[in-house]
Structure formats: structure tokens, C-alpha cells
There are 2 protein chains.
Amino acid sequence: MMKDRRILAIEEAVLAKNDQMAARNREEFKRRGIFVMNVVSSPGSGKTAFLARTLADLAGEIPTGVIVGDLATDNDARRLEGKGARVLQITTDGYCHLEANMIAAACDQMGLDGLKLLIVENVGNLVCPSTHDLGEDVRVALLSVTEGEDKPLKYPVLFKTCHVAVVSKMDLAEAVEFDREAALANLHGVAPQAQVFEVSAKTGLGMGAWYDFLRGRV
Amino acid sequence: MMKDRRILAIEEAVLAKNDQMAARNREEFKRRGIFVMNVVSSPGSGKTAFLARTLADLAGEIPTGVIVGDLATDNDARRLEGKGARVLQITTDGYCHLEANMIAAACDQMGLDGLKLLIVENVGNLVCPSTHDLGEDVRVALLSVTEGEDKPLKYPVLFKTCHVAVVSKMDLAEAVEFDREAALANLHGVAPQAQVFEVSAKTGLGMGAWYDFLRGRV
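Residues numbered from 1 in each chain as written. Chains lettered and ligands numbered in written order. Predicted model: local features only at pLDDT ≥ 70, side-chain atom pairs only at ≥ 80, totals over all residues. Heavy atoms only, no water.

## Let's talk about the pairing of strand E1 (residues 35-40) of chain A
Residues and elements named next belong to chain A.
Part 1 of the argument: Counted residue by residue, E1 has six buried out of six residues, so it is predominantly covered.
Part 2 of the argument: Of the pairings in the sheet, the one linking E1 to strand E4 (residues 117-121) comprises five bridges and is parallel in character. Following the sheet pairing, Met37 is matched in E4 by Ile119.
Part 3 of the argument: Both E1 and strand E5 (residues 138-144) contribute to a ladder of four bridges, which runs parallel. Bridging from a neighbouring strand, Val40 pairs with Ala141 of E5. (Buried < 20%, exposed > 50% of the residue type's maximum accessible area, 1.4 Å probe, protein only. Helix = DSSP H or I, 4+ residues; strand = E, 2+ residues; numbered from the N terminus. Pairing = 2+ DSSP bridges.)

So this is what it looks like as C-alpha cells:
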């Protein structure tokens, strides 16, 4: 009702094209033996802090590339540099999510030779990235304790399609009166398929289990 | 490059149509003497808590209606009920922002008679609502201290077009090591036009200045 029918028809075609390109990416990643993650969350959930700590702690252990998407600025790429990983910033100039062809172009530019792990940090948005496959092996949804326990219920598309859910900023759980049981119940209800990690990039809490998961998959 | 040209052309037409409908909404609100706010932020920035406290504290003083947009659930409407305001939930079924025609339909359903203030709580998204005028007098951008000081730089479209910026969850400023000076400098840099309020809906900090602003505008 709300959306113009012509747009819907063309969007379906464009999504189909994106799926094709994602399948091509996936094939290339598989051929090269690279494990690929697409990390999605709200703005400010702590994606960059989580990834910065991961890169620092695994530096020298797993050859890693990171593609970072933002509407504007290269702040996030700069935060991730100097930790032994190849880092490339995509600035989408107002575009609200990454698409498979952007990833293909970024991979060409960055070069995939020698990588074992490729991390895509998507644009901060709980809605639009959910419908765009990038060719990843694993979609990681981040949810910080400051955001409220009902986010999986209110943004179901992302949580239904994620393989991993990371509850971030656990160091703030007490300060925000985080209701852990309610949050996990909502998460398991919407995303029973998802493996859940509870972490704090600040204190390091729970990061060990996350690294073991990565080591097991790479 | 990234976006299909046919979609761009049709989107422009749809945006123009939205602008027309927004102008019609604005005219109707003006005719009725209703002050209208469009509240936009990331998921989990505290829009609902901020509005719940506002409704409770101003109950009986300003006849208020609230239209709440979410992808799924009526959780937010339920949190806002019982505080003396008329509340209507729009469930967008995956759609990532509200549009002017949705607001017109919601107003018909809710009824505007007797209202002095209409608050629209948009879908949690820092990107897509920025380009859709709803017919509001004032666009309010919420930014919580937990999200990081550089959000205005990374999501410039919203902050450039807002009239009011509310820094929320100030009670958590210390726990998250919020750099107030950096955040305000970024805010003033991107949004020099915006009136800024620093608040905590939990402790009530700064809410008085916000109510004075509302009283002045209604």
C-alpha cells in the first residue's frame, strides 16, 4: 500500500541481481578459502570497538581483511588500522546499506591474496542491510545492552537471518539495568538458529569464546 | 553507480509526492493550531523513554497525540499509554521509515480534535527517515551518550536537517566515558542550526529546559 508498485517491481529485480552478485562473491571466497562475516547493528552498538579488539587480540594469528561501510567519514577505518589487518573504507554517500557489488569492488581494490578472514562492517542500520546478502558465510548481529531488551522483537528481519548474535557492552549491563533473561528469551524466540556471545570489548569479557568460534571457522 | 537509475528516477517522483503530502499535512496542522514534532534516532537511543517521561510530566497541561512507528510489535505504544495522551501505533511491516501519507492516515484514525501537540516517534533508523518530510514543524534528532561522539559526522543528513538535537541518557555519561566537548563540537559543526538539549529521562536531568521549549512552541 505504502510503496509504489513500480519501485517494488524494480527493487525485486535489483535484489535478484544483488543475490546473483552475492553468489559470485561467495564462490570466490570459497575458492580462496576465506571465511567471511557481515557484521550488522544499529549505529553506536559497538561494532568498531568489538572488531578493533578482535583484530588486536588476533594480530599475527589470522591474516584478516576488513571492509568498513559508512555514510560519511573514514573514522571507523582509522580506528581499525595499525592492528595488522588490511582495512578498506567504503563511503556510501548517504546510501543506507552495503550491497554485493560494492563488496566485489572493494575486494578488487584491497586484494584478497593471503587472507583467511574477511570482516565486513556494514553501515549502522538495523533495517536495510538485513535484506542484502553480500556473499558472507556468517551474518553477525550486534545488540548492545544499552539498546533495550526488545530489539530482536522490533527488528525481526535481521535477527531471523543472522547466524551469530553478539550482545555487546556487557560492562554497562548493571548501569543500564539490563534484563539479561528477557533479552536472551527475546533473542532465542526470534533467532533460535543464532549462536549467542555476550561480550565486553572494553573489559575483554566473553571475547575468548568469540575467538574460539572464529578459530574453529577460519 | 550503486543504485539502479530507474529506481532513482521513480524514487525522486515518490519523494516529490511525499513532499506534496507533507505540505498538505503541514497546512492541516497549522489550520488546527497543532505543533508537530518528528522524533528520529537510532534504535535504542531512548526515544520512547524520553517521550514517556515527557507525556507523564506534562499530563493534563498540553493535550497531546503520539503516533509511533515500528517495523513490528506495539511495545512502544503500550509504553506510552496511560499517560493522558492519545497514542496510535503504526506497524510498518519491515518498512524502514514513516512517510507523510502514513501520518495522514494515522491522524484520520486517531482524530486531531482538541490536540495542541502531536509527536511522531519515527522508526529507529538514522538514515532513511532523514529524507522524508512528514509535515512536522520541528525535526528532533536524538543521540544517546552510549553511541559515540562522532555520530553527527557519520550520519550527517539527519543532523543537518534537524531543528533540535537531544543528547539522551546523560545519566550514563560517566560510565561510558562520554566526551561531552567532542560530542557538542561535532554536533555544532554539522548542525549549527540545532537547539541542543542534554537530558536524562531516568533522572529528569535537563527535562525542565525541554518542557520550557515545548511550552514556548505549543
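## Notes on the packing of aromatic side chains
All names here are of chain A.
Part 1 of the argument: Applying the stated criterion across every chain, the model contains eight aromatic pairs over all chains.
Part 2 of the argument: Here the aromatic rings of Phe50 and Trp210 are separated by 5.0 Å at their centres, their planes lie at 45°, and the arrangement is tilted. Here the residue Phe50 occupies a position in helix H2 (residues 47-57), and Trp210 occupies one in helix H8 (residues 207-217), the gap between them amounting to 160 residues.
Part 3 of the argument: Overall, the relative accessible area of 0% leaves Trp210 in the buried class.
Part 4 of the argument: Each residue in the set Phe50, Phe197, Trp210 and Phe213 is aromatic and connected to the rest through ring pairs, giving one cluster. (Phe/Tyr/Trp six-rings, centres within 6.5 Å; stacked < 30°, edge-to-face > 60°.)

## Some words on the environment of B:Ser168
All names here are of chain B.
Part 1 of the argument: Here Ser168 shows up in strand E6 (residues 164-168).
Part 2 of the argument: The exposure class of Ser168 is buried, given its relative accessible area of 4%.
Part 3 of the argument: Expressed as a C-alpha distance, the spacing of Ser168 and Val199, which sit 31 residues apart in the sequence, is 5.1 Å.
Part 4 of the argument: In this view, Ser168 contacts Ser45, Leu142, Leu143, Ser144, Val145 and Val199; residues no more than four positions away in its chain are not counted. (Contact = heavy atoms within 4.5 Å.)

## Thoughts on the sheet that holds strand E3 (residues 86-91) of chain B
Residues and elements named next belong to chain B.
Part 1 of the argument: Pairing within the open sheet is parallel, and its seven strands lie in the order E3-E2-E4-E1-E5-E6-E7. Two strands bound the open sheet, and with one partner strand each, they are E3 and strand E7 (195-198). Across this sheet, the average inter-strand angle for adjacent strands is 20°, counted without regard to direction.
Part 2 of the argument: Sheet analysis places strand E2 (residues 64-70) next to E3, joined by six bridges and oriented parallel. (Axes fitted to C-alpha atoms, helices over the stretch in contact; angles between N-to-C directions.)

## Considering the pattern of salt bridges
Part 1 of the argument: Summed over all chains, the structure comprises 30 salt bridges over all chains.
Part 2 of the argument: A salt bridge links A:Asp70 to B:Lys154, with the shortest nitrogen-to-oxygen separation between them at 4.0 Å. In this pair, A:Asp70 is assigned in strand E2 (residues 64-70) and B:Lys154 in helix H5 (residues 151-154), connecting two distinct chains.
Part 3 of the argument: Residue classification places A:Asp70 among the buried positions, given a relative accessible area of 2%.
Part 4 of the argument: With a shortest N-O distance of 3.7 Å, A:Asp150 and A:Lys151 are connected by a salt bridge.
Part 5 of the argument: Connected through salt bridges with shared partners, the residues A:Glu28, A:Arg31, A:Arg32 and A:Asp113 form a single ionic network. (Salt bridge = Lys/Arg side-chain N within 4 Å of Asp/Glu carboxyl O.)

## Concerning the interface of chain A and chain B
Part 1 of the argument: On the side of chain B, 44 residues touch chain A, which itself brings 44 residues to the contact.
Part 2 of the argument: Between chain A and chain B, roughly 3700 Å² of surface is buried when both sides are summed, and carbon and sulfur atoms account for 63% of that area.
Part 3 of the argument: Joining chain A to chain B, the criterion identifies six salt bridges.
Part 4 of the argument: There are eleven residue pairs in polar contact (both at pLDDT 80 or more) connecting chain A and chain B.
Part 5 of the argument: Elements with a contribution of two residues or more to the side of chain A that touches chain B: helix H1 (5-32), helix H3 (75-80), helix H4 (100-110) and helix H5 (151-154) of chain A.
Part 6 of the argument: The leading source of residues in the side of chain A that touches chain B is H1(A), at six residues. (Buried area = accessible area lost by both parts, 1.4 Å probe. Polar contact = N/O pair within 3.5 Å; in protein donor to acceptor, adjacent residues only side chain to side chain.)

## Comments concerning the nonpolar core
Part 1 of the argument: Within the largest apolar cluster, 70 residues are counted, with the highest numbers of intra-cluster contacts made by A:Phe159, B:Ile67, B:Leu98, B:Ile103, B:Leu112, B:Leu118 and B:Phe159.
Part 2 of the argument: Examining the composition of this core, we find that five residues originate from one element, helix H4 (residues 100-110) of chain B, more than from any other.
Part 3 of the argument: In this structure B:Leu98 touches B:Gly69, B:Ile90, B:Thr92, B:Ile103, B:Val120, B:Glu121, B:Asn122, B:Val123, B:His132 and B:Leu134, once residues within four positions along its chain are discounted. (Core = buried A, V, L, I, M, F, W, Y, C linked by side-chain atoms within 4.5 Å.)

## Describing unusual backbone geometry
Part 1 of the argument: In this structure, A:Asp93 is a non-glycine residue whose phi angle is positive, near 55°.
Part 2 of the argument: Looking at the secondary structure, you find A:Asp93 in the loop between strand E3 (86-91) and H4.
Part 3 of the argument: Owing to a relative accessible area of 72%, A:Asp93 belongs among the exposed residues under this scheme.
Part 4 of the argument: The phi dihedral of B:Lys169 falls on the positive side, at around 60°, and the residue is not glycine.

## Remarks on the packing of helix H2 (residues 47-57) of chain B against helix H8 (residues 207-217) of chain B
Residues and elements named next belong to chain B.
Part 1 of the argument: Direction vectors running N to C along H2 and H8 enclose 70°, while the axes themselves pass 11 Å from each other. The pairing of H2 with H8 is recorded here as roughly perpendicular in orientation. As H2 runs across H8, the sense of the crossing is right-handed. Residues Phe50, Arg53, Thr54 and Asp57 of H2 lie in contact with H8, whose contacting residues are Met207, Trp210, Tyr211 and Leu214. (Parallel < 35°, antiparallel > 145°, perpendicular 65-115°, else oblique. Left-handed = near helix turned anticlockwise from the far one by under 90°.)

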